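# Structural characterization, general
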Amino acid sequence: MSFLTTARCRVCQAFDRLGSRLRPPKKQETELGPGAIYNVGQLLRDRRLKKPMVVLGAGQTQGADRLLRTLSESDIVFTQWESLSNPPTADDGENIRLSWLGEGCDSFIVLGDGPVIDVTKLAAAQCVRRGRTIMGMVGRNKIGRRLPPVIAIPTVAGSGAEALACATVADGRGNRFLIQDPSLVPAVAVLDPALIEDTPRELIASCGMNGLCLAVEAFLSSAGNEKSQRAAAQAAGLYFQSLEPYWNSGGSEKDRESLLRASRLAGQAASHAGYGYARAISRAVQVVTGMDMGLASGLVLPAVLEKYGNAVQDSLAKLSEQAGLETEGTRGERAAALIDRIRGMAFRMGLPDGLENLSGVTAEEIGDLAAAEANPRYACPVVWTAKKCMDVILSI
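Residues numbered from 1 in each chain as written. Predicted model: local features only at pLDDT ≥ 70, side-chain atom pairs only at ≥ 80, totals over all residues. Heavy atoms only, no water.

### Side note on the overall build of the protein chain
The secondary structure content of the protein chain amounts to 14 helices and 9 strands. Whereas a compact globule of 396 residues would reach a radius of gyration of roughly 21 Å, the protein chain reaches 20 Å, a difference of no more than 12%. By the burial criterion, 57% of the 396 residues in the protein chain qualify as buried. In the protein chain, once contacts between residues fewer than 6 apart in sequence are set aside, the share between residues at least 24 apart is 77%. When the accessible area of the protein chain is evaluated, it comes to approximately 16500 Å², of which 48% is carbon and sulfur surface. Of the charged side chains in the protein chain, 44 are positive and 43 negative, and the gap between their average positions amounts to 9 Å. (Helix = DSSP H or I, 4+ residues; strand = E, 2+ residues; numbered from the N terminus. Rg over C-alpha atoms; globule rule 2.2 N^0.38 Å. Buried < 20%, exposed > 50% of the residue type's maximum accessible area, 1.4 Å probe, protein only. Contact = heavy atoms within 4.5 Å. Areas by Shrake-Rupley, 256 points an atom, 1.4 Å probe, with all protein chains shown as cover. Lys, Arg positive; Asp, Glu negative; His and termini not counted. Charge placed at Lys NZ, Arg CZ, Asp CG, Glu CD.)

Rendered as structure tokens:
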């Protein structure tokens, strides 16, 4: 990596840090605990919201029934939208926005997984940027306006979409794009452990590793502060504590509540501190190979942490201590033990242990995409070229 390239990345990151400090993070209200979904009617009344657009993800029968019942019992007039593609696309967001305007709605309630929450956030964004398509908002800070209130009710624990200042959108041809803006943080997150009780095991593992990756990289980011590091460490500790019991047997209500808290904390930390090469490489793996991003994170995160080497040794040891994990041994031993924990948990949950039939050309494409996403904006512990990103893939 040339000195000029490294300097360019660090200068851009410094300006981003300055901007984030001058612009306070968007505040979010949280309803957490058993039966939290039944508080939605009161949340609307408290905000004097009279006609929400309810967006429902596919297959959310139990949660949808509870939500619609509590809205009806609260005498809330609402419009329902459930005609989403799988996965949702930018066109879905455009159609939601048109229906929202046509029905005279004043807010959004979204119940579903990360992609469903993301497309709803983007529909809300387009309501205030009517001259710009959703695909025209791809990139950073292209919204810049206050969104209509969004109440996000996640039905998986780990994506962090209910707290993230970003959204990923598909274009209908399998391509995925990232949109980042502080306004994309939903106004309210409703976290009800009953809604994630029947999550399929593969989705539990995928979403959990996705969230853990967010938390670890937010902790390591040079753009973070004491508050974001504290949230990231708390999230990581909760993932290590509750994810495997949840995956094994559905866990206890406490485990499910802990994971919903972890997802929100990881999303909050990442919204402030940003992402790293593990996130960028995992996204590139998803685009090039079609592998789910959470599954890719289980492969990529420990490989990236090992590749960072001494640059993150002290930080990983500190994360391990703050997350309530390893407290004995040297800094190097605690850092190595944390990486082993991540890899071991991914293995025990049956995540892939390699990328099959990966050609040199494919690895090069992944490296190029990852470097293009991460550089110069992601405040990673070190600055990598596309070749370094490719080397991570080849080492798995």
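### Some words on the pattern of salt bridges
Side-chain pairing between opposite charges can occur once the charged atoms of the two side chains come close. Enumeration over the complete set of coordinates arrives at 11 salt bridges. In this structure, R230 engages E226 in a salt bridge whose closest nitrogen and oxygen atoms are separated by 3.7 Å. Of this pair, R230 and E226 both sit in helix α7 (residues 226-249), 4 residues apart, roughly one helical turn. Taking relative accessible area as the criterion, R230 reaches 48% and is therefore assigned partly exposed. E226 sits in the exposed class, given a relative accessible area of 63%. (Salt bridge = Lys/Arg side-chain N within 4 Å of Asp/Glu carboxyl O.)

### Points about the packing of helix α9 (residues 277-289) against helix α13 (residues 360-374)
Running from amino to carboxyl end, α9 crosses α13 at an angle of 135 degrees, the nearest separation of the two axes being 8 Å. Relative to α13, the element α9 is oriented oblique. The handedness of the crossing between α9 and α13 comes out as right-handed. Together, Y277, A280, I281, R283, A284, V285, V287, V288 and T289 of α9 and T362, E365, I366, L369, A370, E373 and A374 of α13 make up the contact between the two elements. When grouped by side-chain class, the residues that make up the contact of α9 with α13 number 11 nonpolar, 2 polar and 3 charged. (Axes fitted to C-alpha atoms, helices over the stretch in contact; angles between N-to-C directions. Parallel < 35°, antiparallel > 145°, perpendicular 65-115°, else oblique. Left-handed = near helix turned anticlockwise from the far one by under 90°. Nonpolar A, V, L, I, M, F, W, Y, C, P; charged D, E, K, R; others polar.)

### Topic: the environment of S83
Of note, S83 is situated in the loop between β3 (79-81) and α4 (90-103). Under the relative-accessibility criterion, S83 is labelled exposed at 54%. A C-alpha to C-alpha distance of 8.5 Å links S83 and G57, two positions 26 residues apart in sequence.

### Topic: the nonpolar core
Among the nonpolar cores identified, the biggest contains 82 residues, and L212, Y277, I281, V304, L305, Y308 and L316 are the most heavily contacted of them. Residues in contact with I281, not counting those within four places in the same chain, are V300, V304, I366, A370, W384, C389, V392 and I393. In terms of nonpolar packing, the next biggest core, distinct from the first, is built from 30 residues, A90, W100, V119 and A167 among them. (Core = buried A, V, L, I, M, F, W, Y, C linked by side-chain atoms within 4.5 Å.)

### Points about the packing of aromatic side chains
Tallied over the entire structure, the rule returns 4 aromatic pairs. Centre to centre, the rings of W100 and F108 are 5.3 Å apart; their planes meet at 5 degrees, and the pair counts as stacked. Ring geometry for Y308 against W384: centres 4.9 Å apart, planes inclined by 40 degrees, an arrangement best described as tilted. Taken together, the residues Y308 in helix α10 (residues 293-308) and W384 in the loop between α13 and α14 (386-395) connect sequence positions 76 residues apart. When sorted by exposure, Y308 lands in the same class as W384, which is buried. Pairwise contacts between aromatic rings join Y277, Y308 and W384 into one cluster. Across from the ring centre of W247, 3.8 Å away, lies the NZ or CZ of R201, which sits over that ring. The lysine or arginine in question, R341, covers the ring of F240, its NZ or CZ lying 6.0 Å from the ring centre. (Phe/Tyr/Trp six-rings, centres within 6.5 Å; stacked < 30°, edge-to-face > 60°. Lys NZ or Arg CZ within 6 Å of the ring centre and 35° of its normal.)

### What to know about the sheet that holds strand β5 (residues 139-140)
What holds strands together in a sheet is hydrogen bonding between their backbones, with the strands either parallel or antiparallel. Taken in spatial order, the 3 strands line up as β5-β8-β7 in an open sheet, and their pairing is mixed. Each edge of the open sheet is held by one strand with a lone partner, namely β5 and β7 (166-170). Bridge count between β5 and strand β8 (residues 176-180): 2 bridges; the pairing is parallel. When the bridges of β8 are listed, R140 appears paired with Q180. (Pairing = 2+ DSSP bridges.)

### Observations concerning the pairing of strand β6 (residues 150-154)
Most of β6 sits inside the fold, with 5 of its 5 residues counted as buried. Side chains V150, A152 and P154 project from β6 onto one buried face, and the interleaved I151 and I153 project onto a second face that is buried too. By the bridge criterion, 5 bridges tie strand β4 (residues 107-112) to β6 in an arrangement that is parallel. Bridge pairing in β6 places L111 opposite I153.

### Side note on helix α3 (residues 61-73)
Given 3.6 residues per helical turn, the α-helix brings residues three or four places apart onto the same face. Counted at 1.5 Å a residue, the expected span for α3 with its 13 residues is 18 Å, and the 18 Å between its end C-alpha atoms agrees. Within α3, burial applies to G63, A64, R66, L67, L68, T70 and L71. Close packing links the buried residues of α3 with α2 (40-46), β2 (52-56), β3, β4 and β6. Once α3 finishes, D75 follows within two positions and takes phi at roughly 60 degrees, a positive value. (Expected span 1.5 Å × (residues − 1).)

### Let's talk about the side chain of T199
Tracing the backbone through its elements, the reader meets T199 in the loop between β9 (188-191) and α6 (201-220). Judged by relative accessible area, T199 falls into the buried class, the value being 12%. Side-chain polar atoms of T199 contact the backbone oxygen of I196, separated by 3.0 Å. Only 3.0 Å separates the side chain of T199 from the side chain of Y246, close enough to count as a polar contact. (Polar contact = N/O pair within 3.5 Å; in protein donor to acceptor, adjacent residues only side chain to side chain.)

### With respect to the sheet that holds β6
Strand order in the open sheet formed by 6 strands is β1-β9-β6-β4-β2-β3, with parallel pairing between adjacent strands. Each edge of the open sheet carries a strand with a single partner, namely β1 (29-32) and β3. Looking at each pair of strands side by side, their axes are set apart by 15 degrees on average, direction ignored. The pairing of β2 with β4 spans 5 bridges and is classified as parallel. Bridging from a neighbouring strand, M53 pairs with F108 of β4.

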